[in-house]
Amino acid sequence: VKKELHGLTIDEIHRIFESLKYHDKTMFMCQASSGMRIGETVQLRKRHLILDKDDRIIAKVPHTMAKFGKARTAIFSIEASKRLRPLLKKKDDDDLVFGSSENIGSAITNKEKILRTHLDSIGLGQRYEGAKTYKINTHSFRAYFITKVSRHDPNLAKFFAGQEGYLLQYDRLTDEEKLDLYKGCERDLLIY
């Protein structure tokens, strides 16, 4: 049985972000604006980031962190990048940006627990009928990104999210070309 999955709305994001701690709010904003998986996000280190690309931060997700061993480039929106910069000033190149532990499973579980507890506290902790799964979870922010970018170009959404797409292995772009394509979708990814 496959349930119809909940689509995260901008109003729900605003409610979630309203009282979420700065660090966690920034992480979920980066995830929603880049399509990164939570496992990739918690493994991200400062050295994986390019900070000087037209006011946006670019994350170079190495194959060792990415699902299916497929390295890719992720881009944080201008607003997510602005929130992230103060956190990065306190970090060395090898420090984890969002992860709470070197143990990936523990770091993912920690972020999931933080979000679940917060959702319950603000009345958004609904679960799917007959299941323990929350309707809104860490994957919802990635799904939000894919949904918004898919309205522009489904293949582009797959490209940025690191999914398989038709002939994507032949679509080889420079960082500048990726950034230009991203900017065409960015308006729909902004939270505020």
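A short tour of the structure in this document, coming up.

Residues Ile 16, Phe 17, Leu 49, Phe 76, Leu 84 and Phe 141 are the most contacted members of the largest nonpolar core, which totals 39 residues. Listing elements by their share of this core, those giving two or more residues are helix 1 (10–18), helix 2 (22–34), strand 2 (56–61), helix 4 (78–88), helix 5 (104–121) and helix 6 (138–150). Looking at which element gives the most residues to this core, the answer is helix 2, with 5 residues. The residues contacting Leu 84, other than those within four sequence positions of it, are Thr 26, Cys 30, Leu 49, Ile 57, Phe 76, Val 97 and Phe 98. Membership of the second largest hydrophobic core comes to 14 residues, among which are Phe 145, Phe 159, Phe 160 and Leu 179.

Our focus in this paragraph is helix 6. Given a rise of 1.5 Å per residue, 13 residues ought to cover 18 Å, and the 19 Å separating the end C-alpha atoms of helix 6 matches this to within 8%. Looking at helix 6, one finds that the buried residues are Thr 138, Ser 140, Phe 141, Arg 142, Tyr 144, Phe 145, Ile 146, Val 149 and Ser 150. Where helix 6 begins, one side-chain oxygen reaches toward the backbone nitrogen of His 139, 2.9 Å away; that side chain belongs to Asn 137.

Basis of the calculations
- Residues numbered from 1 in each chain as written.
- Predicted model: local features only at pLDDT ≥ 70, side-chain atom pairs only at ≥ 80, totals over all residues.
- Heavy atoms only, no water.
- Core = buried A, V, L, I, M, F, W, Y, C linked by side-chain atoms within 4.5 Å.
- Buried < 20%, exposed > 50% of the residue type's maximum accessible area, 1.4 Å probe, protein only.
- Helix = DSSP H or I, 4+ residues; strand = E, 2+ residues; numbered from the N terminus.
- Contact = heavy atoms within 4.5 Å.
- Expected span 1.5 Å × (residues − 1).
- Polar contact = N/O pair within 3.5 Å; in protein donor to acceptor, adjacent residues only side chain to side chain.

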